[in-house]
Amino acid sequence: MTINEAPATVSGVPALPSHGRLRPLGLHEVTLRPGFWQRRQDVNRSATLAHIEHWLDRAGWLGNFSSAPHERRGREFSDSEIYKLLEAMAWELGRTGDPGLEQRYRAIVRRVAAAQEPDGYLNTNFGRHGQQPRYSDLEWGHELYCYGHLIQAAVARARTFGTDELVEVAIRAADHVCDVFGPDGIASICGHPEIEPALVELYRVTGEARYLEQAKLFIDRRGHGRLPEIEFDRSYFQDDVPIRTADVLRGHAVRATYLSAGAVDVAIETGDGELLNAVTRQWRNTVARRTYLTGGMGSRHQDEAFGDDFVLPPDRAYSETCAGVGSIMLSWRLLLAHGDPRYADLIERTLFNVIATAPSGDGTRFFYTNTLHRRVLGSEPAADELAPRSDSTMRAPWFGVSCCPTNLARTFASLAAYLATSDDDGVQLHQYAAASLRIGLPQGTVALEIDTEYPADGRIAIRIVEAPDTPWTLTLRVPHWATGATLDGLAVPPGQARLRRRFAAGDTVVLDLAIRPRVTAADPRVDAVRGCVAVERGPVVYCAESVDLPPTVALDTLRVDPAVPLTDGDGGVVVSCRIVTPTDQEWPYAAPAPESSMKSLRVTLRPYHDWAERGPSTMRVWLPRS
Ligand SMILES: [Zn+2]
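Computed from a predicted structure; not experimentally measured.

S.K.: Give me the lowdown on the overall build of the protein chain, citing residues and values where you can.
M.R.: Summing up its helical and strand segments, the protein chain has 12 helices and 22 strands in all. Against the globule reference of 25 Å for 626 residues, the protein chain gives a C-alpha radius of gyration of 24 Å, in line with a compact fold. In terms of principal-axis extent, the alpha carbons of the protein chain reach across some 75 × 70 × 50 Å. Residues counted as buried form 62% of the 626 residues belonging to the protein chain. Long-range pairs, those at least 24 residues apart, make up 68% of the contacts in the protein chain with a sequence separation of at least 6.

S.K.: So what about the coordination of the zinc ion? Which residues, and what values?
M.R.: For the zinc ion, the full set of protein donor atoms is Glu320 (OE), Cys322 (SG), Cys403 (SG) and Cys404 (SG), at a range of 2.1 to 2.3 Å. Each donor residue of the zinc ion lies on the same chain, and together they follow the pattern E-x1-C-x80-C-C. Placement of the pair is Glu320 in the loop between α9 (273–289) and α10 (321–338) and Cys404 in helix α12 (residues 403–413), with a sequence separation of 84 residues. A relative accessible area of 4% means that Glu320 is categorised as buried. On the basis of relative accessible area, Cys404 is assigned to the buried category, the value being 0%.

S.K.: Could you give me a rundown of the pattern of salt bridges, with the residues and numbers involved?
M.R.: On inspection of all chains with the given rule, the structure shows 53 salt bridges. Ionic pairing is found between Asp42 and Arg45, a salt bridge with its closest N-O pair at 3.4 Å. In this pair, Asp42 and Arg45 both sit in helix α1 (residues 36–58), three residues apart, roughly one turn of the helix. Residue Arg45 is classed as partly exposed on the basis of its relative accessible area, which comes to 36%. Between Arg210 and Asp175 there is a salt bridge, with the nearest N and O atoms lying 3.9 Å from each other. Taken together, the residues span a long stretch of sequence, with Arg210 in helix α7 (residues 209–221) and Asp175 in helix α5 (residues 165–181) at a distance of 35 residues. For Arg210, a relative accessible area of 30% translates into the label partly exposed. Linked by salt bridges that have partners in common, Arg159, Glu201, Arg204, Asp265, Glu269 and Arg333 make up one network.

S.K.: Would you mind going over empty space enclosed by the protein in detail, with residue names and values included?
M.R.: Inspection of the entire model under this criterion finds five cavities of 30 Å³ or more. Of the pockets and cavities examined, the largest cavity occupies roughly 180 Å³. Counting residues per element, the ones that place at least two in the lining of the largest cavity are α2 (79–96), α4 (143–160), α10 and α12. In terms of residues, the lining of the largest cavity owes the most to one element, α10, which gives four residues. Here the residues of the lining of the largest cavity are counted per class, giving nine nonpolar, three polar and three charged. The volume enclosed by the second largest cavity comes to roughly 50 Å³.

S.K.: Could you give an account of unusual backbone geometry, with specific residues and numbers?
M.R.: Across the junction of Tyr454 and Pro455, the peptide omega takes the value 10 degrees, indicating a cis bond. Residue placement: Pro455 occurs in the loop between β7 (444–452) and β8 (459–466). Of note in the backbone geometry, Phe310 takes a positive phi value of approximately 70 degrees without being a glycine. With respect to the helices and strands, the residue Phe310 is situated in the loop between α9 and α10. A relative accessible area of 13% places Phe310 in the buried class. A positive phi is found at Ala612, a non-glycine position, where the angle reads about 65 degrees. Within the secondary structure layout, Ala612 lies in the loop between β20 (597–607) and β21 (619–620).

S.K.: Got a sec to walk through α9? Specific residues and values, please.
M.R.: Taking 1.5 Å of rise per residue, the 17 residues of α9 would be expected to cover 24 Å, and the 24 Å separating its terminal C-alpha atoms lies within 8% of that figure. Of all the positions in α9, only Leu275, Leu276, Ala278, Val279, Thr280, Gln282, Trp283, Asn285 and Thr286 are classed as buried. Buried residues belonging to α9 abut α7, α8 (253–270), α10 and α11 (341–355).

S.K.: Lay out the packing of α9 against α11 in plain terms, naming residues and giving numbers.
M.R.: At a minimum axis distance of 12 Å, the contact between α9 and α11 shows a crossing angle of 50 degrees. As far as their axial angle goes, α11 and α9 are oblique. Relative to α11, α9 is oriented so that their crossing is left-handed. In contact with Thr280, Trp283, Arg284 and Val287 of α9, α11 contributes Arg342, Tyr343 and Leu346.

S.K.: Any chance you could break down the environment of Ala447 for me, citing the residues and the numbers?
M.R.: Counting through the fold element by element, Ala447 comes out in strand β7. Judged by its relative accessible area of 5%, Ala447 falls in the buried class. In this structure the C-alpha to C-alpha distance between Ala447 and Val30, which are 417 residues apart in sequence, comes to 9.7 Å. Contacts of Ala447, omitting those with residues within four sequence positions, involve Leu437, Arg438, Arg463, Ile464, Val465 and Glu466.

S.K.: Can you break down the side chain of Ser235 residue by residue, with the values?
M.R.: Following the sequence through the fold, Ser235 ends up in the loop between α7 and α8. A polar contact of 2.9 Å, which involves the side chain of Ser235, links it to the side chain of Asp233. For Ser235, the residues in contact, after removing those within four places along its chain, are Asp240, Arg250, Gly251 and His252.

S.K.: Run through the sheet that holds β8, naming residues and quoting values.
M.R.: Backbone hydrogen bonds hold the strands of a sheet together, and the pairing may be parallel or antiparallel. Strands sit in the order β2-β6-β7-β8-β13-β10-β11 across an open sheet of seven strands; the sheet is antiparallel. In this open sheet, the two edge strands, each paired with only one partner strand, are β2 (30–32) and β11 (490–491). Two elements, β8 and strand β13 (residues 508–512), share five bridges in a ladder whose sense is antiparallel. Pairing of Arg459 across the sheet is with Asp512, part of β13.

S.K.: Give me the lowdown on the layout of surface pockets, citing residues and values where you can.
M.R.: In this structure, the largest pocket occupies an estimated 630 Å³ of space. Around the largest pocket sit 22 residues that line it, and Val287, Thr291, Tyr292, Leu293 and Arg349 are the ones nearest its centre. Of all elements in the fold, only α9 and α11 reach the threshold of two or more residues within the lining of the largest pocket. Taken together, the residues that form the lining of the largest pocket break down as 13 nonpolar, three polar and six charged.

S.K.: I'd love a proper account of the packing of aromatic side chains, names of residues and values included.
M.R.: Per the counting criterion, the structure on display carries 24 aromatic pairs. Where Trp587 meets Tyr589, the ring centres are 5.0 Å apart and the plane angle is 70 degrees; that geometry is what we call edge-to-face. For the pair Trp587 and Tyr589, a shared accessibility class is recorded, and that class is exposed. An aromatic cluster is built from Phe36, Trp37, Phe352, Phe412, Tyr432 and Tyr454, whose rings are joined through pairwise contacts. Stacked on the ring of Trp55, the Lys or Arg Arg58 has its end atom at 4.6 Å from the ring centre. Between the NZ or CZ atom of Arg157 and the centre of the ring of Phe161, over which it lies, the distance is 3.8 Å.

S.K.: Which residues make up the packing of α9 against α10, and what values do they have?
M.R.: The description of two helices packed together rests on the angle between their axes and the distance between the axes. With their axes 11 Å apart at the nearest point, α9 and α10 run at an angle of 125 degrees to one another. Classed by the angle they form, the pair α9 and α10 counts as oblique. Of the two elements, α9 crosses α10, and the hand of that crossing is left-handed. Facing Leu276, Val279, Thr280 and Trp283 of α9, the residues of α10 in contact are Leu330, Ser331, Leu334, Ala337 and His338. In the contact of α9 with α10, the residues fall into six nonpolar, three polar and no charged.

Cut-off values and rules
Residues numbered from 1 in each chain as written. Predicted model: local features only at pLDDT ≥ 70, side-chain atom pairs only at ≥ 80, totals over all residues. Heavy atoms only, no water. Helix = DSSP H or I, 4+ residues; strand = E, 2+ residues; numbered from the N terminus. Rg over C-alpha atoms; globule rule 2.2 N^0.38 Å. Buried < 20%, exposed > 50% of the residue type's maximum accessible area, 1.4 Å probe, protein only. Contact = heavy atoms within 4.5 Å. Donors = N, O, S within 2.8 Å, 3.2 Å for Na, K, Ca; no water. Salt bridge = Lys/Arg side-chain N within 4 Å of Asp/Glu carboxyl O. 1 Å grid on protein atoms, 1.4 Å probe; cavity = no way out; pocket = protein on both sides within 12 Å on 5 of 7 lines; lining within 4 Å. Points joined across faces, edges and corners; volume = space filled by probe spheres on them. Nonpolar A, V, L, I, M, F, W, Y, C, P; charged D, E, K, R; others polar. Expected span 1.5 Å × (residues − 1). Axes fitted to C-alpha atoms, helices over the stretch in contact; angles between N-to-C directions. Parallel < 35°, antiparallel > 145°, perpendicular 65-115°, else oblique. Left-handed = near helix turned anticlockwise from the far one by under 90°. Polar contact = N/O pair within 3.5 Å; in protein donor to acceptor, adjacent residues only side chain to side chain. Pairing = 2+ DSSP bridges. Phe/Tyr/Trp six-rings, centres within 6.5 Å; stacked < 30°, edge-to-face > 60°. Lys NZ or Arg CZ within 6 Å of the ring centre and 35° of its normal.

Following this line, the structure appears as structure tokens:
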């Protein structure tokens, strides 16, 4: 089969549902301009992509596609990192068309294509001489998971370029999956979801209904104990409860969010309201009870999993970077389906506090886990070694399991697509960044220039560059934290502000989100931070770091004095603290007694996403109240 190469297919859109409340925009419709996110996207393009390519080569994971079976290196899922790099490159090429990058992309695709078997099978870890047979380890083998990322990369290429060798490889692999796992085939699922959203996206690109039917089969099969019992329980791979009846996300956080994203995709394309409602309910309960202040998901190290309701300890926060990516994938799909700004609120929180936190400023070191409290100084990982994933205490150049850097790369490369949407009536702005937009509406073209220093400053000026000669609606998200926001000087409550009129070129609309530091407390059921407060400023979570304290003051002796107002200053938010003296040094338990506090201290908190950028430090987001 061939794919439709009409310009409409080359849409540059990461997820393209055939219907829903809102329509996504492509990378040719939204361009980031200098600011918080463009800086990170530039670093991703200029440094991270080459860094990843270097490590994939050096670790031997790229070489696996051309080496002998017994020489294979890396974990069973390492093929997927090559595919995620290809996806990142495809988005980047769609925007910039960099000829050097195009050459590198094509060279990797050639190596991948050469490893595909005649029947479409493609995996360097199984099925060859001396290796385990194909599909002999569905719970841990990640074969379908790897196809998922292969297909996602091909979808990115199809939507930014058209058909190429990678797209053909992915279609052969997808046909193979349908042959082997179809209604008459192996009646099972992959331990790690990802094939589900990928197959629906390939259906959206090609119109081949078989891919959608296969994705639906995988969704319907899960939750019925098709995979064996394992030490973590079947909830680890969401094979414990059918998706339609589950109430909350559980188990491995990346698996749970990817699976839910795929379930939304299937629900939208098959008109399955029950399935969509089920995932919507799970999202709501997960956000209400199982999500960190940062938007991070997953509190358990043992199985990289969600904890029980309200089990959100800051000092063992797992909050894997990839779970942040998965959460955005899910929230974005629900936003497109329902149009509710709460989904964009969570995307914003996750972008500024997980996605922006994970990479170093130079884009060559990464956090795998994103803890909210570090009690002991971390150690700088060696520049030339694979770091252990969750045990790495500082950002590391590469990991033995290195899913997070490539996931960040594909997210940064496609980031502009998450800023805004359209519908028949107008344009909706969900995320605020300096950007240019040019969108075709039924009424005509709308072109906008957004000027802002967000999130440092809450003023967002939207200038109309071009507009149709008929009324249309500009909808602006007012974040849930933005009390005191104004639109053209008039107060607007959190939610959405709508302006419907005939706009003229040169008109400017100013949304001011009145950003100032604020104190946040947790639901009292989050026992781990009872009696603590956090400081936020706009969408950004702040933290205290030992490098900002006098050498004689230990971070864990600080108590925030909530009576003293927070102020902006010193490149952060200044809080007033008291220093308490730890009691008995030999036994940490005693009858309750007031803490004896000594002197007061003004402490500058800094954005959490910048922490550990000034060498090893201790850090905490949640600070005890005095
Ligand atoms: Zn990861």
